[in-house]
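Close look at the chain arrangement
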Amino acid sequence: QVRLVESGGGLVQAGGSLRLSCAASGRTFSDYAMGWFRQAPGNEREFVSAITRGGSGTSYADSVKGRFTISRDNAKNTVYLQMNALKHEDAAVYYCAANRGVGLSRAEGSYDYWGQGTQVTVSS
């Protein structure tokens with residue numbers, strides 16, 4: 001069992017930045033690829049970004065490429081999502097997830113464990 005706890009969400013003005021964190025516990029963190037997903041009201045949950053176990057490989061949704069950066073610190077059992085140049089359409093609940101596979105999956109079904117989510121609100 002892996003427990004994931006997100007933090008760092010909040011209210012930010014359009015154009016601003018936030019850094020989300022996801023702290024993992026319970027199993028060896030470096031055994032898992034990690035992903036970030038988001039869900040806005042009325043929408044399905046969607047892929048945002050993923051990172052390989054060691055951190056050398058990353059993947060981004062087209063909508064966030066160039067603005068968001070995923071990273072991880074395996075010594076701290078934490079994955080991060082740096083979000084810059086935030087837009088209104090980035091407002092959502094952001095979830096981190098852990099994947100026992102080795103690749104950079106964009107499919108929700110590939111992820112074995114999920115956090116409870118953290119709210120990101122973008123104001124004008």
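A brief report on the enclosed structure follows. Because the structure is a prediction, the values reported are computed rather than measured. (Residues numbered from 1 in each chain as written. Predicted model: local features only at pLDDT ≥ 70, side-chain atom pairs only at ≥ 80, totals over all residues. Heavy atoms only, no water.)

**Comments concerning the side chain of R72**
Turning to its location among the elements, R72 is positioned in strand β7 (residues 68-73). An unpaired buried charge is present at R72: no salt bridge exists, and D73, the closest side chain of opposite charge, is 8.3 Å distant. From its side chain, R72 meets the backbone oxygen of F29 in a polar contact 3.0 Å long. Polar contacts involving the side chain of R72 include one to the main-chain carbonyl oxygen of R53, which spans 3.3 Å. (Helix = DSSP H or I, 4+ residues; strand = E, 2+ residues; numbered from the N terminus. Buried < 20%, exposed > 50% of the residue type's maximum accessible area, 1.4 Å probe, protein only. Lys, Arg positive; Asp, Glu negative; His and termini not counted. Salt bridge = Lys/Arg side-chain N within 4 Å of Asp/Glu carboxyl O. Polar contact = N/O pair within 3.5 Å; in protein donor to acceptor, adjacent residues only side chain to side chain.)

**So, the pattern of salt bridges**
Taken as a whole, this structure holds six salt bridges when the rule is applied. Note that R38 is salt-bridged to E46, the shortest N-O span being 2.6 Å. Put simply, R38 and D90 hold a salt bridge, and the shortest N to O gap is 2.9 Å. Taken as a pair, R38 in strand β4 (residues 33-39) and D90 in the loop between β8 (78-83) and β9 (92-99) lie far apart in primary sequence, 52 residues in all. With respect to class, R38 is no different from D90; both count as buried.

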